[in-house]
Amino acid sequence: MFGNEVSYDLEVDGVKIADIPADGTVALAFVSPGKVMEDTIEVNPEDPTFTHFYAQGESDPIETAVKSGITRGQFRLLKVETEVAADLLGGAVVLGQYHKPRKYVGVERQLEITDGKGMPYTYPRVLLYGKVVGRFRVGEPNTIDVMFVIKMPNNPSVSPEIIGKKTGA
(Lines give C-alpha, C1' and ligand atoms only; values in the text may rest on other atoms or scores of the structure.)
Protein backbone atom coordinates (compact mmCIF):
# COMPACT_ATOMS: atom_id res chain seq x y z
CA MET A 1 0.00 0.00 0.00
CA PHE A 2 2.65 2.49 1.06
CA GLY A 3 6.26 2.10 -0.03
CA ASN A 4 7.10 -1.53 -0.67
CA GLU A 5 4.28 -2.82 1.54
CA VAL A 6 1.24 -4.48 0.04
CA SER A 7 -1.82 -4.44 2.26
CA TYR A 8 -4.45 -7.14 1.88
CA ASP A 9 -6.69 -9.14 4.10
CA LEU A 10 -6.58 -12.86 3.48
CA GLU A 11 -6.62 -12.87 7.24
CA VAL A 12 -6.79 -10.10 9.79
CA ASP A 13 -4.54 -10.07 12.81
CA GLY A 14 -7.24 -8.29 14.73
CA VAL A 15 -8.69 -5.27 16.42
CA LYS A 16 -7.10 -3.78 19.51
CA ILE A 17 -8.24 -0.95 21.74
CA ALA A 18 -6.45 1.39 24.15
CA ASP A 19 -7.38 4.23 26.47
CA ILE A 20 -6.45 7.65 25.12
CA PRO A 21 -3.39 8.97 26.99
CA ALA A 22 -3.95 12.25 28.89
CA ASP A 23 -1.59 14.09 26.50
CA GLY A 24 -3.55 12.85 23.44
CA THR A 25 -0.63 10.94 21.92
CA VAL A 26 -0.79 7.36 20.65
CA ALA A 27 -0.88 4.67 23.34
CA LEU A 28 2.10 2.35 23.63
CA ALA A 29 0.01 -0.78 24.25
CA PHE A 30 -3.29 -1.90 22.75
CA VAL A 31 -5.33 -4.90 23.94
CA SER A 32 -7.81 -7.14 22.15
CA PRO A 33 -11.46 -6.68 23.16
CA GLY A 34 -12.23 -10.31 22.27
CA LYS A 35 -12.76 -12.56 19.26
CA VAL A 36 -13.78 -10.65 16.14
CA MET A 37 -16.17 -12.38 13.75
CA GLU A 38 -14.59 -13.09 10.37
CA ASP A 39 -15.11 -10.53 7.61
CA THR A 40 -16.86 -7.92 9.78
CA ILE A 41 -14.17 -5.24 10.10
CA GLU A 42 -14.74 -2.19 7.91
CA VAL A 43 -13.50 1.41 7.74
CA ASN A 44 -15.46 3.63 5.35
CA PRO A 45 -14.41 7.25 4.73
CA GLU A 46 -17.05 9.52 3.20
CA ASP A 47 -16.09 11.67 0.25
CA PRO A 48 -15.48 15.35 0.97
CA THR A 49 -18.18 17.92 0.21
CA PHE A 50 -17.34 20.77 -2.16
CA THR A 51 -19.22 24.09 -1.96
CA HIS A 52 -18.64 26.46 -4.85
CA PHE A 53 -19.24 30.22 -4.61
CA TYR A 54 -19.97 32.19 -7.77
CA ALA A 55 -20.00 35.87 -8.64
CA GLN A 56 -23.18 37.09 -10.30
CA GLY A 57 -23.09 36.30 -14.04
CA GLU A 58 -19.90 34.17 -13.90
CA SER A 59 -19.81 30.44 -14.61
CA ASP A 60 -16.52 29.65 -12.86
CA PRO A 61 -16.46 29.65 -9.07
CA ILE A 62 -14.46 32.42 -7.41
CA GLU A 63 -14.01 30.31 -4.26
CA THR A 64 -14.42 26.65 -3.34
CA ALA A 65 -14.75 25.39 0.22
CA VAL A 66 -13.97 21.77 1.01
CA LYS A 67 -15.41 19.97 4.02
CA SER A 68 -13.94 16.60 4.98
CA GLY A 69 -16.20 13.59 5.13
CA ILE A 70 -16.73 11.55 8.28
CA THR A 71 -14.95 8.20 8.52
CA ARG A 72 -17.03 5.45 10.08
CA GLY A 73 -16.32 1.81 10.73
CA GLN A 74 -17.55 -1.32 12.40
CA PHE A 75 -16.67 -4.78 13.62
CA ARG A 76 -18.53 -7.62 15.29
CA LEU A 77 -17.32 -9.39 18.43
CA LEU A 78 -18.15 -13.05 19.12
CA LYS A 79 -16.56 -13.71 22.49
CA VAL A 80 -16.10 -10.94 25.00
CA GLU A 81 -15.40 -10.86 28.72
CA THR A 82 -18.15 -9.20 30.75
CA GLU A 83 -15.88 -6.38 31.97
CA VAL A 84 -14.76 -5.63 28.41
CA ALA A 85 -18.39 -5.53 27.26
CA ALA A 86 -19.19 -3.00 29.99
CA ASP A 87 -16.18 -0.92 28.89
CA LEU A 88 -17.31 -0.93 25.24
CA LEU A 89 -21.04 -0.57 25.82
CA GLY A 90 -21.10 1.59 28.92
CA GLY A 91 -22.96 0.12 31.85
CA ALA A 92 -21.63 -1.94 34.71
CA VAL A 93 -20.83 -5.44 35.86
CA VAL A 94 -22.82 -6.48 38.93
CA LEU A 95 -22.24 -9.93 40.41
CA GLY A 96 -20.71 -11.10 37.13
CA GLN A 97 -23.65 -9.89 35.02
CA TYR A 98 -23.60 -7.07 32.48
CA HIS A 99 -26.11 -4.30 33.24
CA LYS A 100 -26.92 -2.02 30.32
CA PRO A 101 -27.05 1.74 31.05
CA ARG A 102 -30.41 3.49 30.85
CA LYS A 103 -29.04 5.96 28.33
CA TYR A 104 -27.18 4.88 25.19
CA VAL A 105 -23.63 6.11 25.52
CA GLY A 106 -20.52 6.01 23.40
CA VAL A 107 -16.98 5.67 24.69
CA GLU A 108 -13.84 7.31 23.32
CA ARG A 109 -10.81 5.07 22.83
CA GLN A 110 -7.92 4.49 20.47
CA LEU A 111 -8.28 1.74 17.89
CA GLU A 112 -5.73 -0.30 15.98
CA ILE A 113 -6.61 -2.73 13.19
CA THR A 114 -3.81 -4.93 11.85
CA ASP A 115 -4.16 -6.77 8.55
CA GLY A 116 -2.79 -10.21 7.71
CA LYS A 117 0.54 -8.77 6.53
CA GLY A 118 1.09 -7.03 9.86
CA MET A 119 0.20 -3.54 8.56
CA PRO A 120 -1.31 -1.51 11.43
CA TYR A 121 -4.03 1.07 10.89
CA THR A 122 -4.11 3.26 14.01
CA TYR A 123 -6.90 5.66 14.91
CA PRO A 124 -5.84 7.79 17.94
CA ARG A 125 -9.37 8.93 18.79
CA VAL A 126 -12.58 7.10 17.94
CA LEU A 127 -16.05 7.24 19.38
CA LEU A 128 -17.25 3.65 19.86
CA TYR A 129 -20.91 2.64 20.06
CA GLY A 130 -21.70 -0.95 20.85
CA LYS A 131 -24.89 -2.96 21.00
CA VAL A 132 -25.72 -6.52 21.95
CA VAL A 133 -27.39 -8.31 19.05
CA GLY A 134 -29.29 -11.45 19.99
CA ARG A 135 -29.73 -13.86 17.12
CA PHE A 136 -31.70 -16.64 18.69
CA ARG A 137 -31.64 -18.85 15.62
CA VAL A 138 -29.83 -22.07 14.82
CA GLY A 139 -26.43 -21.40 13.27
CA GLU A 140 -26.21 -17.71 14.11
CA PRO A 141 -24.17 -16.41 17.05
CA ASN A 142 -25.13 -13.62 19.39
CA THR A 143 -22.68 -10.76 18.98
CA ILE A 144 -21.64 -7.35 20.18
CA ASP A 145 -21.72 -5.06 17.17
CA VAL A 146 -19.35 -2.12 17.52
CA MET A 147 -19.67 0.94 15.30
CA PHE A 148 -17.14 3.76 15.43
CA VAL A 149 -16.56 7.26 14.15
CA ILE A 150 -13.02 8.54 13.75
CA LYS A 151 -12.59 11.90 15.49
CA MET A 152 -9.87 14.51 15.37
CA PRO A 153 -7.31 13.88 18.15
CA ASN A 154 -7.11 16.47 20.93
CA ASN A 155 -3.34 16.71 20.46
CA PRO A 156 -2.68 18.86 17.34
CA SER A 157 0.54 16.96 16.55
CA VAL A 158 -1.32 13.63 16.21
CA SER A 159 -2.91 12.59 12.92
CA PRO A 160 -6.45 11.11 12.98
CA GLU A 161 -5.26 8.09 10.93
CA ILE A 162 -1.81 6.51 11.01
CA ILE A 163 -1.06 3.66 8.61
CA GLY A 164 2.11 1.59 8.67
CA LYS A 165 4.86 0.32 10.90
CA LYS A 166 7.31 2.62 12.64
CA THR A 167 10.75 2.67 11.10
CA GLY A 168 14.00 3.60 12.81
CA ALA A 169 12.42 3.55 16.24
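Up top you'll find the structure we're talking about.
So, a few notes on the structure that sits alongside this text. (Residues numbered from 1 in each chain as written. Predicted model: local features only at pLDDT ≥ 70, side-chain atom pairs only at ≥ 80, totals over all residues. Heavy atoms only, no water.)

The next point concerns the overall build of the protein chain. Within the protein chain one finds one helix and 12 strands. In summary, the protein chain has a C-alpha radius of gyration of 20 Å against a globular reference of 15 Å for 169 residues, an excess of more than 25%. For the protein chain, the proportion of its 169 residues judged to be buried stands at 28%. Summarising the internal contacts of the protein chain: among those between residues at least 6 apart in sequence, 59% fall at separations of at least 24. With an accessible surface of roughly 11400 Å², the protein chain has 52% of that area assigned to carbon and sulfur atoms. Within the protein chain, one finds 18 positive and 23 negative side-chain charges whose respective centroids are separated by 9 Å. (Helix = DSSP H or I, 4+ residues; strand = E, 2+ residues; numbered from the N terminus. Rg over C-alpha atoms; globule rule 2.2 N^0.38 Å. Buried < 20%, exposed > 50% of the residue type's maximum accessible area, 1.4 Å probe, protein only. Contact = heavy atoms within 4.5 Å. Areas by Shrake-Rupley, 256 points an atom, 1.4 Å probe, with all protein chains shown as cover. Lys, Arg positive; Asp, Glu negative; His and termini not counted. Charge placed at Lys NZ, Arg CZ, Asp CG, Glu CD.)

Another point: the nonpolar core. Phe75, Leu111, Leu128 and Phe148 are the most contacted members of the largest nonpolar core, which has 19 residues in total. Those elements that provide at least two residues to this core are β1 (12-18), β6 (71-79), α1 (82-89), β9 (107-115), β10 (120-133) and β11 (143-150). When near neighbours in sequence (up to four residues on either side) are disregarded, Phe148 contacts Glu42, Val43, Thr71, Arg72, Gly73, Gln74, Phe75, Leu111, Ile113, Val126, Leu127 and Leu128. (Core = buried A, V, L, I, M, F, W, Y, C linked by side-chain atoms within 4.5 Å.)

Before going further, it helps to examine the pattern of salt bridges. This model, assessed by the stated rule, comprises nine salt bridges. Of the charged contacts in the structure, one is a salt bridge between Arg135 and Glu140, with a shortest N-O distance of 3.9 Å. The class for Arg135 is buried, based on a relative accessible area of 15%. The exposure class of Glu140 is partly exposed, given its relative accessible area of 33%. With a closest N to O distance of 3.1 Å, Glu140 and Arg137 form a salt bridge. Among the charged side chains, a salt-bridge network with shared partners connects Arg76, Arg135, Arg137, Glu140 and Asp145. (Salt bridge = Lys/Arg side-chain N within 4 Å of Asp/Glu carboxyl O.)

Turning to the side chain of Thr122, a few remarks are in order. Position of Thr122 relative to the elements: it lies in strand β10. Exposure remark for Thr122: the relative accessible area of 6% places this residue in the buried category. At 3.3 Å, the side chain of Thr122 forms a polar contact with the side chain of Glu112. When neighbours within four sequence positions are excluded, Thr122 is seen to be in contact with Val26, Phe30, Leu111, Glu112, Pro160, Glu161 and Ile162. (Polar contact = N/O pair within 3.5 Å; in protein donor to acceptor, adjacent residues only side chain to side chain.)

A few words on empty space enclosed by the protein. On inspection of all chains with the given rule, the structure shows one cavity of 30 Å³ or more. Computed from the structure, the largest cavity encloses a volume of approximately 40 Å³. Together, Ile20, Gly24, Gln110, Pro124, Arg125, Pro153 and Asn154 line the largest cavity. (1 Å grid on protein atoms, 1.4 Å probe; cavity = no way out; pocket = protein on both sides within 12 Å on 5 of 7 lines; lining within 4 Å. Points joined across faces, edges and corners; volume = space filled by probe spheres on them.)

Attention now goes to unusual backbone geometry. Among all residues except glycine, the phi angle is most often negative; among peptide bonds, the trans geometry is most common. Backbone geometry at Asp39 places phi at a positive 60°, although glycine is not the residue there. Along the chain, the position of Asp39 falls in the loop between β2 (35-36) and β3 (42-45). For Asp39, a relative accessible area of 74% corresponds to the exposed category. If you check the backbone angles, Leu95 has positive phi at about 55° while not being a glycine.

Take α1 next. Among all positions in α1, only Ala85, Ala86, Leu88 and Leu89 are buried. The buried residues of α1 occupy an angular sector of 165° when the element is viewed end-on, so they sit on one face. Just downstream of α1, Gly90 is the residue with a positive phi angle, here 80°. (Arc of directions from axis to C-beta.)

The next thing to look at is the side chain of Arg135. For Arg135, the position within the fold is in the loop between β10 and β11. A polar atom in the side chain of Arg135 sits 2.9 Å from the side chain of Thr143. For Arg135, the contacting residues outside a window of four places in its chain are Arg76, Glu140, Pro141, Asn142, Thr143 and Asp145.

Distances and angles like these do not, on their own, reveal function.
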